[in-house]
Amino acid sequence: MLRRAWRQVALLALPALALACADDGPVLPGATDGDDTPVTAVPVDPPATTTSTTTTTPTTEPDPTGDDVTEPTDPPAPSAPSTAPPTSPPDDEPPADPAVPGPPLTNAAGEHERYSGIGRLDGLGASCTAFLLDAGPPSGPAYAMTNGHCVGVFDSTTVLRDAPAEGATVTFRLFADTPTAVAEVPVQTIRYATMRGTDVAVLELATTRSAVIGLQPYALGSPPREDADLQVVGVPVDGIPSEEWFLRSSECTAGGRTRVVEFEWVWDEAVATDCTGIVGGSSGSPVFAGPLPVVHAIVNTTTIGATGGATCALGQPCEVGPSGAAMAPTRTYALPVDDWDACFTPAWDPDALGCPTEQAPTTVDAPRRAVQPGATWAATISGGGGGPYVAKAGPISVTDCRDADGYALSADVVDTPVGDLEGVYVLCAAALDDRLQPDTRQAGTTVVVVDATPPTAPIELSVVEGEDGRVLVEPVFAPPEHSSYQLKAGPAGEVDCADPGGYDVYRRIPVVVEAIPATMCVIGEDDAGNRGAPQAFTIG
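Please read these numbers as outputs of a predicted model, since none were measured by experiment.

Rules and cut-offs
- Residues numbered from 1 in each chain as written.
- Predicted model: local features only at pLDDT ≥ 70, side-chain atom pairs only at ≥ 80, totals over all residues.
- Heavy atoms only, no water.
- Helix = DSSP H or I, 4+ residues; strand = E, 2+ residues; numbered from the N terminus.
- Core = buried A, V, L, I, M, F, W, Y, C linked by side-chain atoms within 4.5 Å.
- Buried < 20%, exposed > 50% of the residue type's maximum accessible area, 1.4 Å probe, protein only.
- Contact = heavy atoms within 4.5 Å.
- Disulfide = S-S within 2.5 Å.

Colleague: In this structure, what is going on with the environment of A206? I would like to understand it.
Modeller: Along the polypeptide, A206 turns up in strand β9 (residues 200–208). With 18 residues separating them in the primary sequence, A206 and Q188 have C-alpha atoms 4.7 Å apart.

Colleague: Looking at this model, I keep getting lost on the nonpolar core. Mind explaining?
Modeller: Generally speaking, nonpolar side chains in soluble globular proteins are found buried as a group. By size, the foremost hydrophobic cluster in this structure holds 68 residues, and its most contacted members are Y115, L121, F131, M145, V151, L205 and L247. With six residues, the top contributor of residues to this core is strand β8 (residues 183–194). When sequence neighbours within four positions are dropped, the list of residues in contact with M145 reads T129, A130, F131, L133, V200, A201, V202, L220, I298, V337 and W340. If you look at the next biggest cluster of nonpolar residues, it comprises 18 residues, including V390, V426, C428 and V449.

Colleague: So what exactly am I meant to see when it comes to the state of the cysteines here?
Modeller: Under the counting rule described, the total for this entry stands at six disulfides. Disulfide pairing is shown between C343 and C355; the S-S distance is 2.0 Å. Disulfide C343-C355: torsion about the S-S bond near 95°, hence right-handed. Of this pair, C343 sits in the loop between β19 (332–335) and β20 (362–365) while C355 sits in the loop between β19 and β20, and the two are twelve residues apart along the sequence. Residue C355 is classed as buried on the basis of its relative accessible area of 7%. Linked covalently through their sulfurs, C497 and C521 form a disulfide whose S-S length is 1.9 Å. Taking the torsion about the sulfur-sulfur bond, which here is approximately -75°, the covalent link between C497 and C521 counts as left-handed. Linking C497 in the loop between β30 (484–491) and β31 (504–505) with C521 in strand β33 (residues 518–525), this pair joins segments that are 24 residues apart in sequence. On the basis of relative accessibility, which here comes to 5%, the residue C497 falls in the buried class. The exposure class assigned to C521 is buried, which follows from its relative accessible area of 0%.

In structure tokens:
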């Protein structure tokens with residue numbers, strides 16, 4: 001989920017960090033402005049080949065705000081079985097870059113009027129896509145839907161209800177050839193938002209349904225069948241100039257339903273697709289399965305642009321199969337939305353029968369997302385009316401929190417070992433309902449990866465020359481592989497990186513190198529605390 005603006009100047013390039021979801025990215029410490037000085041990395045043990053390049057990353061534009069509705073002024077009339085079919089381009093055409101969105105949609109002749117109710121959401125910490133719902137009475141408020149992570153919910157414990165949305169807007173009719181028809185609508189309230197088992201936010205707009213009668217609203221339908229032809233329409237922004245932030249579409253195919261795990265989230269009913277062009281800003285995009293104004297799923301994450309890895313970390317969503325969890329390349333995931341239709345009777349009613357809101361959710365909070373074999377959960381259970389609680393834990397491939405089997409009475413602190421084998425593990429906790437059965441619908445989960453493998457990826461350094469001739473050097477963080485560092489430096493030829501003595505913990509303060517040339521030794525440590533081999537860099 002690509003939410004935070006960041007800039008990185010790297011002199012020893014690695015593959016670009018993955019998109020966590022389709023609208024935010026990891027925060028990395030970048031270098032300050034200055035002249036870049038190339039560095040050469042020489043891993044001490046084992047040897048590795050590195051390439052010296054310079055990389056930069058996009059910066060998100062500020063969110064616009066607005067107080068009133070601007071009406072359109074010129075409306076035109078892995079180990080698991082594959083869950084999505086592969087697509088191949090014609091033999092005489094090179095494969096398209098899956099990270100490049102399609103061309104902007106036009107509407108001067110009304111050819112894409114059916115997408116007029118899809119807009120760009122700004123002002124809630126992310127630039128995302130939202131779409132107008134066909135819900136509520138004409139005199140009542142208009143509603144829109146987007147992802148929960150688009151409104152600031154970014155964990156597996158929070159449920160947001162009736163939160164103010166001051167300054168937030170949804171901008172509709174973002175077609176490339178009708179700039180005077182743009183309609184900007186303020187968001188009044190975040191009625192509900194969660195990332196617990198889904199990734200949804202319901203927004204109440206600061207206007208009535210009758211006031212936006214010229215915009216296309218959308219009904220919520222059942223998930224698309226496997227092999228169905230799909231169309232995803234949204235407003236991608238990453239890597240696109242702000243003056244070209246228009247509606248764009250991707251035509252693709254639905255795969256099967258699959259469990260997906262990413263970071264601390266588990267989505268049990270995700271729809272795997274081969275949709276491309278899904279980048280920052282695409283989160284919250286509606287998924288269509290035909291010409292009718294019916295949304296069958298909502299885009300929430302993707303492996304497009306993701307780095308390889310087996311830890312299912314932020315930016316590395318994995319599909320769960322019988323033998324574990326693994327990342328599938330060029331896969332975009334969307335979550336079902338049909339159950340949310342029951343929450344409108346016809347106005348928003350979170351207590352309505354069949355509405356999937358949680359009234360008393362049980363939460364599980366663990367301090368670490370990756371540990372070494374033998375570590376304990378050190379997790380805390382809360383919520384759910386205060387207990388008593390039941391819990392179960394195990395490898396994610398054989399542990400389903402929705403299944404009442406396997407739960408047993410538990411204290412509110414779980415400190416049992418996670419596991420001895422590498423892999424992804426899940427801890428489930430639930431309160432007991434009136435029948436003394438686990439309330440699995442409101443169960444809490446936490447995910448921990450057992451990792452015994454030291455990091456081997458090349459380390460990046462950021463090097464900046466100051467006007468006074470001094471050189472500022474800092475290693476670039478790249479979690480989960482490089483989450484912390486130890487380093488030492490000295491005159492070239494006088495520092496032995498293989499000698500364990502003299503290393504200090506890097507505390508995010510750039511190292512000042514005054515004697516050039518110099519040698520800097522850096523040891524990377526991953527999220528689980530595994531230390532890699534020392535890598536040597538020549539400065540100057």
